[in-house]
Every structure is written in C-alpha cells, then in structure tokens.
Amino acid sequence: VLYPFEGRLAHQTLGMLLTRRLERFGLKPLGFVATDYVIGISASADMGRAFALDPGLIGRLMEPDMLGDDLEAWMAESFLLKRMFKACAQIAGLVEKNAIGASKKTGRQVTVSTDLIYDVLREHQPDHILLEAAWADASTGLLDLRRLAEMLSRISGRIVHKRLDRISPLAVPIMLEVGRERVAGEADEDILRAAADDIIREAMA
Amino acid sequence: VTAIRAERQESDVLTDGGLINLHGAAVRFDFSGVLHWPEEKLVVVADLHLEKGSAQASRGRFVPPYDTRKTLTLLAEVLGRLKPERVVALGDSFHDEEAEARLVPADLERLTALVGSVDWTWVAGNHDPLPPGGLGGTPVSEIVLGPLTFRHEPCAGLTAGEVAGHLHPAAKVGRVRSVRRRAFVSDGRRAILPAFGAYTGGLNIRDVAFKGMFERSRLIAWMLSDGRVYPVRPAEFLPD
C-alpha cells in the first residue's frame, strides 16, 4: 500500500506502471486499486520480503523514467485502454451493451468481444478512429501525467517503507477493494500451474 | 498400492516418449491448439471459422474483417514449427458456405499456398457442409487413420478413438482469481479440440453439451498457455 496523496487519476496511472515494473522484477503482481489518497497493489510473490532483502528496490521501482517507454507499452495492452475502447465501441454502435437481466449467453456464442476486436484492430489497423478515440479518452480521463511526473521527481530517494505485522487502520478501506484492476502475466501462469496435475505436468517436461 | 495404481494411471495418460496416449496413438496437444501426431507427421486443426468477421458484417454487425488473416498467420506459424506432411482441418473451417467467395485475394493466396504445401484434408462441418471449391485438398465427411477417427461433431455418450471439434471447449480454474483458457478435453479414449479461429469463443467444459461424453475419472482438460499446455483434472473446473 502506498500513500502518495496525488489524486485518483495519478494513482491509477502509477498503479498501471508499477504493476508493469513489478512483473518485470518477477514479483508477479495480481492487480491494483487506486483511491484519492492511496494505491494498493497485490502480488502473488512476497513484495515486503523482496523490499526488505534489497533496500534499493523501491527506489528503482519508483524511478521517474517509468513515464517513458513503460507508459506507451503498458497503455497499448492494458485492460484500462480496452475498457475505454469498449465504451467507444458501444457509443459507436459496434457492440451492444448487455442489459442487466438480459438472457445470459454461453461463452461459445459471445464470440465477438470488444477485447478481440481491439487486439485485431491494433494489429492490422492501428490508426483506426475508435482506437484513437480510446487513446484520447484514456490520456485525459485516466492519466494525470503532469502531476505524476512532478510527484515522482519529488519523492525520488525519499521513500519510506514500513513492514507492518498487521493491516494499518489507514489501509483498511483499500484492502477491502484489492484487485480491482487485474494484471495478466506470470500470476496467470501460477494459477494454471496450481490447478494442473503435477505428476503429468512434470512427466511432460 | 495407491501409489502404484496412481503411477499406472499416469503412464496410461502419457506414453514413454512424454506424448499423450490417445486410444493407442502417441499425440501431442500443442499449445497453439492443434493436435500433432508426430509418427504420422499429421497436424489436426479444428474450427478455423474463416471469414466469420465478414459474415457478421453482412448481417449488419460491423466487426473488423482481419480475422482470416490473423488465423492464417497463426496457422502458417504452427505448420512451420511442426512441419507436418499432412493436415486435417476438422470442419467449420469456413464460417458459412459463401465464406470462400468472400476471401480477399491476399488471404486466398495464403490459404491456397498452405493447402498446397501439404497433403490437406477438409472434413465437413455444420457451417461448411460443402467441400471447398478451388482451394485444393481432399474433402471428406470423416477420415480414419490407424486407431483414430476424425470427424467434426463428436457423437453423444462415451466412445473410443474419436477426434472431434465443434464444441470449442474452454476451461476455467483458479481459487483467488480465475483464469479461463481454450482447452483440449480428453479421457484418453476420445479428444475434443479447441477452436483455432481468431474470432471463436470457448464453451465452458462444465456446460451440459459435454455431459456424458467422457469417463470422468480419466478426464483431463489440457489448458492452452504461452508455450505449454496445463493438464487439469475435473475437480478444478469452475463454472462461468
């Protein structure tokens, strides 16, 4: 749990970028949730232990250079942008919004999801007007880049990390909502590995 | 005794070479979603659903039309990696009977080249009951090779030696958070392949459509992931 106090939009952006870095550092992030005051990140690896073992790690995680290439790459594949795209696609009439209580379809019928369309368009027609609209909406609506940049340079080298043996009262509200934004990656592989039959899996390898 | 029995059962699932024992044939459930039978130099691919995008568009649902290109690119990669001499397309290769005519020239060229590069068999599906016209390849309703019969639609009830598609199986697992992936389903006697096409969805393996088709104690869903498949037992299957 981080307390940057920079507002929800900046926290949202920071959460996206931090989970990306955590993934690269092998800490297997599961997701994050941002409020106006706080960011909570959950991971299937023990982040507290990693930070205790390597005191410089937090500083490297929070380096201001994350606003460069990380941002662009993350935006392109992020769930947030896909969600923006979904909103754009609905407004454009490309897909219908599922009404609550409408007949539930099976997975085989719901074959044209906005995610699929998004991936296909990104690959074959990256200048598509709906992608541009989603990007524009996302950068004004979801990112607060200027504020985030100021914060990162201000805090550089001055981050305090405390390992608590219980949840602090300030962190309780965010702990209740942990995992609002999902991160796909190594954590998915962990889930699959846990579900798999070990004897067969090992015999195959 | 339990350990020995368990081990016996495992050796049943896999062959000595680490391949999967499917009714006496040593096959690989490839992470791309195709079935690979190295001994026969055979690759089986189910439910390509080519031109599904343009089919939707002709009914007034405008989705991007690049699904065929994406599917063919993936398939070309897989065939390049596995280097089969023979390919069986297990039905529903085209989304409808006019799909072949809607292929754009570049896609038509790529598909014709793929079909021409190997001994290609088109098994008929419910979406494409008529054999494809000018693409080459041999159209059949079903085909038998050694201990295995390849057909589009799996027959109801238990059976042995059948390889089918049609149902687009997918499995969902996970305790804290769930992961849903396309999957091969097999009890070692029959197998149902996941759909390969870019715009195809997956039907949860807990759906009633799969009921009674497999011997549950031997049932495994081989879930697709990057570069590998994960063998998962029914106790882990979650509903949607």
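What comes next is a walk through the structure. Note that the structure is a prediction, hence the values are computed from the model and not measured.

As a further point, take the sheet that holds strand E2 (residues 25-29) of chain B. Residues and elements named next belong to chain B. Strand order in the open sheet made by the seven strands is E1-E2-E3-E4-E5-E6-E7, with mixed pairing throughout. Only two strands of the sheet have a single neighbouring strand rather than two, namely strand E1 (20-22) and strand E7 (138-140). Strand-to-strand twist across the sheet, computed as the mean angle between neighbouring axes with direction ignored, equals 30°. Strand direction decides the pairing type here: strand E4 (residues 42-45) and strand E5 (residues 86-89), joined by four bridges, are parallel. Each bridged residue has a counterpart across the sheet, and for Leu-42 the counterpart in E5 is Arg-86. In the packing of helix H3 (residues 67-82) onto the sheet, contacts are made with strand E3 (35-37), E4, E5 and strand E6 (119-123), and the angle to E4 comes to roughly 160°.

All names here are of chain A. For Phe-5, which is not glycine, the phi dihedral falls at a positive 50°. One can find Phe-5 in the segment before helix H1 (8-24). Among the residues examined, Phe-5 registers a relative accessible area of 47% and is labelled partly exposed.

Moving on, we get to the packing of aromatic side chains. Using the criterion set out here, one finds six aromatic pairs over all chains in the structure. Relative to A:Phe5, the ring of A:Tyr3 lies with its centre 6.4 Å away and its plane at 25°, an arrangement referred to as stacked. Relative to B:Trp222, the ring of B:Phe29 has its centre 5.7 Å away and its plane inclined at 70°; by these criteria the two rings are edge-to-face. Remark: B:Trp222 occurs in strand E15 (residues 220-225) and B:Phe29 occurs in strand E2; sequence separation between them is 193 residues. In this structure, B:Phe29 and B:Trp222 share a single accessibility class: buried. Among the aromatic side chains, those forming a connected cluster through ring pairs are A:Tyr3, A:Phe5 and A:Tyr37.

With that out of the way, let us pick up the interface of chain A and chain B. Listed by partner, the interface residues are 31 residues for chain A and 42 residues for chain B. Across the chain A/chain B interface, buried area totals approximately 3200 Å², and carbon plus sulfur atoms make up 63% of it. Between chain A and chain B we count two salt bridges in total. Across the pair A:Asp188 and B:Arg181 runs a salt bridge whose closest N-O atoms are separated by 3.6 Å. Inspection of the chain A/chain B interface yields four residue pairs in polar contact (both at pLDDT 80 or more).

Most of helix H10 (residues 186-195) of chain A is tucked away: seven of the 10 residues are buried. Of all the residues in H10(A), the buried ones are A:Ala187, A:Asp188, A:Glu189, A:Asp190, A:Ile191, A:Leu192 and A:Ala195.

The rules behind the values
- Residues numbered from 1 in each chain as written.
- Chains lettered and ligands numbered in written order.
- Predicted model: local features only at pLDDT ≥ 70, side-chain atom pairs only at ≥ 80, totals over all residues.
- Heavy atoms only, no water.
- Pairing = 2+ DSSP bridges.
- Helix = DSSP H or I, 4+ residues; strand = E, 2+ residues; numbered from the N terminus.
- Axes fitted to C-alpha atoms, helices over the stretch in contact; angles between N-to-C directions.
- Contact = heavy atoms within 4.5 Å.
- Buried < 20%, exposed > 50% of the residue type's maximum accessible area, 1.4 Å probe, protein only.
- Phe/Tyr/Trp six-rings, centres within 6.5 Å; stacked < 30°, edge-to-face > 60°.
- Buried area = accessible area lost by both parts, 1.4 Å probe.
- Salt bridge = Lys/Arg side-chain N within 4 Å of Asp/Glu carboxyl O.
- Polar contact = N/O pair within 3.5 Å; in protein donor to acceptor, adjacent residues only side chain to side chain.

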